[in-house]
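Each chain, written out:
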Amino acid sequence: MRHMRVVVSHYGGPEALQVIEEACPEPEAGEVRVKVLAAGVAMPDIMAREGIHPETPPVPYTPGWDLIGVVDLPGPGVTGVTPGEVVAAMPIHGAYAEFVCLPQRELVPVPSGLDPAEAVSLVLNYITAYQMLHRSAKAKPGQRALIHGAAGGVGTALLQLGRLAGLELYGTCSQRSASIVSGLGATAIDYRDQDFVTEIRRLTGEGVDAVFDPIGGAHLWQSREALRPGGRVVGYGNTTTLRGEGLDAGRAGRRNRLHGIPIYLLYILGGWVLPGRKRVVPYSIQTLKRLRPAQFREDLTTLLDLLKQQRIKPLVAQRLPLSAAREAQELLGRGGVIGKVVLVCDDSRM
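The following paragraphs examine the structure supplied in this document. As the structure is a prediction and not an experimental result, all values here were calculated from the model.

1. Examining the overall build of the protein chain
The helix and strand tally for the protein chain stands at 11 helices and 15 strands. When the 350 residues of the protein chain are sorted by exposure, 55% land in the buried category. Pairs at least 24 apart in sequence give 70% of the contacts found in the protein chain among residues at least 6 apart.

2. Looking at unusual backbone geometry
Here the amide bond leading from Val 59 into Pro 60 is cis, since omega sits at -5°, within 30 degrees of zero. Even without glycine at this site, Ile 92 takes up a positive phi of about 80°. With a phi close to 50°, Lys 138 is a non-glycine residue in the positive phi region. Mapping Lys 138 onto the fold places it in the loop between helix H2 (116-136) and strand E8 (144-147). Looking at Lys 138, the relative accessible area reads 45%, which means it is partly exposed.

3. A short note on the packing of helix H1 (residues 43-50) against helix H11 (residues 325-333)
At a minimum axis separation of 10 Å, H1 and H11 run at an interaxial angle of 105°. The orientation of H1 with respect to H11, classified from their angle, is roughly perpendicular. Of the residues in H11, those in contact with Met 43, Asp 45, Ile 46 and Arg 49 of H1 are Gln 329, Leu 332 and Gly 333. Its residues placed into classes, the contact of H1 with H11 shows 3 nonpolar, 2 polar and 2 charged.

Cut-offs applied
- Residues numbered from 1 in each chain as written.
- Predicted model: local features only at pLDDT ≥ 70, side-chain atom pairs only at ≥ 80, totals over all residues.
- Heavy atoms only, no water.
- Helix = DSSP H or I, 4+ residues; strand = E, 2+ residues; numbered from the N terminus.
- Buried < 20%, exposed > 50% of the residue type's maximum accessible area, 1.4 Å probe, protein only.
- Contact = heavy atoms within 4.5 Å.
- Axes fitted to C-alpha atoms, helices over the stretch in contact; angles between N-to-C directions.
- Parallel < 35°, antiparallel > 145°, perpendicular 65-115°, else oblique.
- Nonpolar A, V, L, I, M, F, W, Y, C, P; charged D, E, K, R; others polar.

As far as function goes, none of this settles anything; it's purely spatial.
Right, dumping it as structure tokens:
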């Protein structure tokens with residue numbers, strides 16, 4: 001049996017993505033072969049392709065952080081899973097394929113009847129949002145939160161989960177996306193024409209309790225200015241710091257594993273020693289998953305239950321076939337995407 005897989009042949013632009021056909025992988029001991037139904041497309045995929053993300057593997061490799069699939073073939077020594085069982089996983093790379101072999105411990109059961117494209121949105125975007133809200137910011141009902149990039153995949157997840165948590169929400173976005181942000185229960189702030197710190201002060205008086213900032217760098221300190229005393233900036237993604245490096249180093253990606261840490265440490269220290277008790281807290285989904293895998297499983301199970309109950313509704317920006325991986329990354333890379341771009345290998349419902 002043969003299958004299709006997407007490969008990054010070299011670090012660079014979208015042209016680095018190639019679609020190949022090859023024999024299906026065979027699961028080794030402790031692994032399960034999964035038939036992929038949906039794979040998410042995320043900014044970390046693009047930054048890894050460019051060679052600037054801390055999780056960049058050596059080329060050639062197959063991108064794809066998150067997937068929903070069905071168990072196809074348990075490997076030697078695997079018990080407790082049945083062919084046809086629906087599962088979720090966050091392998092960090094490897095999901096852009098029709099079949100992928102994963103350690104059994106990486107698989108999380110998925111309730112039946114869910115749309116694979118909506119379900120895959122939970123694995124990276126919604127867990128990031130959920131853990132930042134409840135484990136990093138420790139948000140409480142009635143508090144205020146500012147979300148940067150509020151119309152994006154993590155941003156819309158933060159809005160939906162923040163509303164469930166009883167928060168008063170504000171979100172920066174483009175004017176074109178303002179109606180989406182407002183429709184999800186937040187006050188939209190146009191980041192192009194409005195100074196968000198000034199606007200937050202005008203709207204709230206003393207500031208917000210939490211800011212969620214994927215931009216990083218000096219923007220973190222600006223976000224801190226929007227806090228009330230005792231508030232927290234949760235920094236994630238760090239796109240400005242990573243993209244500042246370019247593509248000209250020999251071991252692309254590896255050089256960035258520690259890049260940005262000094263400025264984060266400075267901001268964290270500043271939050272403790274400067275008046276106002278305004279903290280800067282870094283968040284990394286992959287680090288937390290490795291350190292506390294049980295929390296990852298628990299949080300994903302909670303989110304899948306919320307989706308099953310229709311209490312959350314991920315926004316799927318576009319569904320594209322696996323063969324259109326390059327088009328999907330180009331679409332996300334241009335910006336302005338509302339929700340999640342998803343590669344679909346089988347568009348049937350689970």
